[in-house]
Amino acid sequence: MSSNGRSKAPTSQDVARLAGVSQSTVSYVLTGSRPISAATRERVEEAIAKLGYHPNSGARTLRSRRSGVIGLMVPEAESDDGVLMVFIGAIAREARRHGYDILLVTAQEGAAGIRRVVRTGVCEALILMELGRYDERVAPVLESGLPFVTIGKPEEFPQGSVVDLDFEMLGRMVVDRALEEECDRLLLFGDPGRKRARNDVSRFLAGIEDAAEEARLEVVLDGGALAEVPDRALRLTLPNQRTALFGMNGVRQVLFAMAATGALVDETRLLVALSGEDLADISPLLAAVPQLDPRRVEISELAVAELVRLLRTDGAAPRITLVEPRWLEG
């Protein structure tokens, strides 16, 4: 305890002693100036957390220097397609065009992962993907003071910029198409009801439900196996009726299941696909499938451009950019 009665703030020497490493190693962990083994980094980070250590002004100066690195927190990859790699590839290419490298962090690490990355001082800005409606990762990002962009729009504006697809508009467009095609109901596969805590699914369902209620279109939230979606849709469809099918994920499985059962040419069922690729290139049979483009590459590029604006423009304020989906067929 110091002479004024207050506890002495922990130092890097205290951290080094507790972690069993040198002070220089602590500095390397904080600044990212040299590669450190995972085991050693973990010991240092645990000591920092236990002591409540905050770097002194000299360390903060090191951390505030331009590193040319953007941290990208990515979700767990879906098993059905390469959607995540589309985002990562486009973000990495656009970042390099602006002179930045990308450091990947998995979303499974949550708020702790954000704090770990911030403590290293490696990243000068962050991009967060696939946020929940109320996401624990936003708080440590705000605490860090780093510029950030979210691909995903939380329930409350997080004081960082947002770039995302307009999922409410997507929902309205799907309902409008189902009505234009004289469908009596809309089956939403991929278990959207269970995923409503996700910001994109929540906004999509809000658009669906508002438009469907006004038009009196029946909406079925389907949580069963994707391969059996065409059969379940058929069982729901009474004589002289038609059912539209749509899902935010699992499109390929349902496409293949419908192609295998002949459902693609069955007038009782209409699949509306969300896909960033030309389905006709996969099979001529898919050319007639109404297709919405989620514009993933454009969203990725816009997210990087927005982060660069925040980094390089004095007084730049966060903003929301929602990209409209578009039909790919005529």
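Residues numbered from 1 in each chain as written. Predicted model: local features only at pLDDT ≥ 70, side-chain atom pairs only at ≥ 80, totals over all residues. Heavy atoms only, no water.

### What about the overall build of the protein chain?
The helix and strand inventory of the protein chain stands at 12 helices and 13 strands. Every one of the 330 residues in the protein chain was classed for burial, and the buried ones make up 48%. When contacts within the protein chain are restricted to residue pairs at least 6 apart in sequence, those whose partners lie at least 24 apart make up 70%. Accessible area of the protein chain: about 16,400 Å², with a carbon and sulfur share of 50%. (Helix = DSSP H or I, 4+ residues; strand = E, 2+ residues; numbered from the N terminus. Buried < 20%, exposed > 50% of the residue type's maximum accessible area, 1.4 Å probe, protein only. Contact = heavy atoms within 4.5 Å. Areas by Shrake-Rupley, 256 points an atom, 1.4 Å probe, with all protein chains shown as cover.)

### Some thoughts on the sheet that holds strand β8 (residues 243–247)
Taken in spatial order, the 4 strands of this open sheet run β7-β6-β8-β9, and their pairing is parallel. The open sheet has two edge strands, β7 (218–221) and β9 (269–271), and neither has a second partner. Averaged over all neighbouring strand pairs, the angle between strand axes comes to 25°, with direction disregarded. Judged from the 4 bridges that link them, strand β6 (residues 185–189) and β7 form a sheet pairing that is parallel. Looking across to β7, one finds that L186 is bridged to V219. Sheet strands in contact with helix α11 (residues 251–261) are β6, β8 and β9, and its direction is about 140° off that of β9. (Pairing = 2+ DSSP bridges. Axes fitted to C-alpha atoms, helices over the stretch in contact; angles between N-to-C directions.)

### Regarding helix α12 (residues 296–312)
Here α12 contains 17 residues, and its C-alpha end-to-end distance of 24 Å stays within 8% of the 24 Å for a straight helix at 1.5 Å per residue. Listed as buried for α12 are R296, I299, S300, A303, V304, E306, L307, V308, R309 and L310. (Expected span 1.5 Å × (residues − 1).)

### Describing the sheet that holds strand β13 (residues 326–327)
If you trace the 3 strands from one edge of the open sheet to the other, you get β10-β11-β13, paired in mixed fashion. Among the strands making up the open sheet, the edge pair consists of β10 (273–274) and β13. In this sheet, strand β11 (residues 291–293) lies alongside β10 in parallel orientation, the contact comprising 2 bridges. Along β11, the bridge assignment pairs L274 with L292.

### A look at the confidence of the model for the protein chain
Mean pLDDT over the protein chain stands at 85; residues scoring 70 or higher make up 86%. Here residues 1–6 is modelled with pLDDT under 50, and outside its nearest four sequence neighbours on either side it reaches 1 contact, counting other chains as well. Under a pLDDT of 50 for its full length, residues 56–64 has, in the predicted model, 7 contacts with residues more than four places off or in other chains. (pLDDT = per-residue confidence, 0-100.)

### Quick notes on helix α8 (residues 167–180)
Quick reminder: α-helices carry 3.6 residues per turn. Residues three or four places apart thus point the same way. If you check α8, its first and last C-alpha atoms are 20 Å apart, about what 14 residues at 1.5 Å a residue would give, namely 20 Å. Burial in α8 covers these residues: F167, M169, L170, G171, M173, V174, V175, R177 and A178. Among the residues of α8, the N-terminal cap falls to D166, whose side-chain oxygen and the backbone nitrogen of E168 are separated by 3.4 Å. Positive phi appears at E182, one or two residues downstream of α8, with a value of about 60°. (Polar contact = N/O pair within 3.5 Å; in protein donor to acceptor, adjacent residues only side chain to side chain.)

### Let's talk about the side chain of N199
Following the sequence through the fold, N199 ends up in helix α9 (residues 199–215). A polar side-chain atom of N199 sits 2.5 Å from a polar atom in the side chain of R203. Apart from residues lying up to four places away in sequence, N199 is in contact with E130, L131, G132, R133, G152, K153, P154 and D164.

### Notes on the side chain of T120
With respect to the helices and strands, the residue T120 is situated in helix α6 (residues 110–120). There is a polar contact of 3.3 Å between the side chain of T120 and the backbone nitrogen of V122.

### Focus on a negative patch on the surface
On the surface, a cluster of negative charge is made up of E168, D210, E213 and E214. Of the residues forming the negative patch, the biggest block, 3 residues, is contributed by α9. Relative to the elements of secondary structure, E213 occurs in helix α9. (Patch = residues over 30% accessible without salt bridge, like charges linked within 9 Å, V, L, I, M, F, W, Y side chains within 5 Å. Salt bridge = Lys/Arg side-chain N within 4 Å of Asp/Glu carboxyl O. Lys, Arg positive; Asp, Glu negative; His and termini not counted. Charge placed at Lys NZ, Arg CZ, Asp CG, Glu CD.)

### Side note on the nonpolar core
Core analysis: the biggest nonpolar cluster contains 46 residues, and L170, L186, F204 and F246 have the highest contact counts within it. No other element matches the 7 residues that α8 contributes to this core. Those residues within four positions of F246 in sequence are excluded, and the remaining contacts are L170, V174, L186, L187, L188, F189, F204, V272, A273, L274 and L292. One finds F189, A233, L245 and A263 within the second-largest nonpolar core, a separate group that totals 16 residues. (Core = buried A, V, L, I, M, F, W, Y, C linked by side-chain atoms within 4.5 Å.)

### Quick word on the pattern of salt bridges
Going through the model one piece at a time under the given rule, you end up with 20 salt bridges. Here R137 and D135 are joined by a salt bridge, their closest N and O atoms 2.9 Å apart. Accessibility assignment for this pair places R137 and D135 in one class, buried. Among the ionic contacts, a cluster of salt bridges with common partners joins R177, E181, R242 and E267.

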